[in-house]
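Secondary and tertiary structure notes
Single-letter residue listing:
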Amino acid sequence: MRSRAFTLVELMVVIAIIGLLASVLATSVVSKMRHASHELDKKTLLDLYNHLQMAVMMDEKAKTLLVRGKLSETRGREFLEGCFKTKLLGDDLLKKLISNAGNDVAVDNRWLDDENGALPEYACSWAAPQGNECGAVMRARGSARRVALCLNARNWFNYDDEVLVMWSDAETASYMTLEDSNSWGYAISPEQWQSPGQALFGTTKPFDGVFD
């Protein structure tokens, strides 16, 4: 008995079905990976904030460094760099400086051993307070709450229209959009949202307490 071969039309139908199934599977995988990345970055930022808050609020050495010491005038990445240089933050937290969704790369602690070593720009994904304002930012509550840490300008669009922030009065990090900010009463324009480094950080509530 002769076997019947696939016709060209049947072969094309099979290929189309396989392509459709692959597309559905890829969409599902990408969605799950995006969700996992969302959650990982939330945990990363919360861990960094909790350690920083503990040092700022409970460590007398930290208070001295922040109020009138070498960290008082540092801000953003330089402030976080100083926290590691002065041992307010442990070396094991260096990996917490990186957003999982961006292109930044974590560095080891070798730069800390160099007297003139500096934290590379690509090794930090977060905008952070200024040293002598850090305590005030973290203590802000209720209607006066402020963003204490968030994605910096280079990583601002890691999640399209959502930005990961750590509010001063929150128990966990969260994502916010421009629409969220306006519904909460903050006067942020689309143009400002598109240029956080120039138009939001250090100037516009609730981002007036963070810097690149």
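Above this note sits the structure.
As a starting point, this report considers the structure included with it. Computed from a predicted structure; not experimentally measured.

What counts and what doesn't
Residues numbered from 1 in each chain as written. Predicted model: local features only at pLDDT ≥ 70, side-chain atom pairs only at ≥ 80, totals over all residues. Heavy atoms only, no water. Helix = DSSP H or I, 4+ residues; strand = E, 2+ residues; numbered from the N terminus. Rg over C-alpha atoms; globule rule 2.2 N^0.38 Å. Contact = heavy atoms within 4.5 Å. Lys, Arg positive; Asp, Glu negative; His and termini not counted. Charge placed at Lys NZ, Arg CZ, Asp CG, Glu CD. Buried < 20%, exposed > 50% of the residue type's maximum accessible area, 1.4 Å probe, protein only. Arc of directions from axis to C-beta. Salt bridge = Lys/Arg side-chain N within 4 Å of Asp/Glu carboxyl O.

On a plain count of helices and strands, the protein comes out with seven helices and four strands. Sequence-ordered secondary structure for the protein, helices as α and strands as β, is α-α-α-β-α-β-β-β-α-α-α. In terms of overall dimensions, the protein is more spread out than a globule: its C-alpha atoms have a radius of gyration of 23 Å, far above the 17 Å expected for 212 residues. Along the longest, intermediate and shortest principal axes, the C-alpha atoms of the protein span 95 × 45 × 30 Å. Restricting to contacts in the protein with at least 6 residues of sequence separation, those with at least 24 account for 61%. In the protein, 23 side chains carry a positive charge and 28 a negative one; their mean positions are 4 Å apart.

Within the sequence span of helix 2 (residues 60-67), burial applies to A62, L65 and L66. With its buried residues spanning 95 degrees around the axis, helix 2 presents them on a single face. Turned more than 90 degrees off the buried face of helix 2, the exposed positions are E60 and V67.

Below, the discussion takes up the pattern of salt bridges. It is possible for side chains bearing opposite charge to pair when their charged atoms get close. Tallying each qualifying case throughout the model produces eight salt bridges. With its nearest N and O atoms 2.8 Å apart, the salt bridge here joins R110 to D108. Owing to a relative accessible area of 35%, D108 belongs among the partly exposed residues under this scheme. For the salt bridge of R154 with E121, the shortest nitrogen-to-oxygen distance reads 3.3 Å. In this pair, R154 is assigned in the loop between strand 2 (147-151) and strand 3 (163-167) and E121 in the loop between helix 3 (76-85) and strand 1 (126-127), connecting sequence segments 33 residues apart.

None of this, on its own, says anything about what the molecule does.
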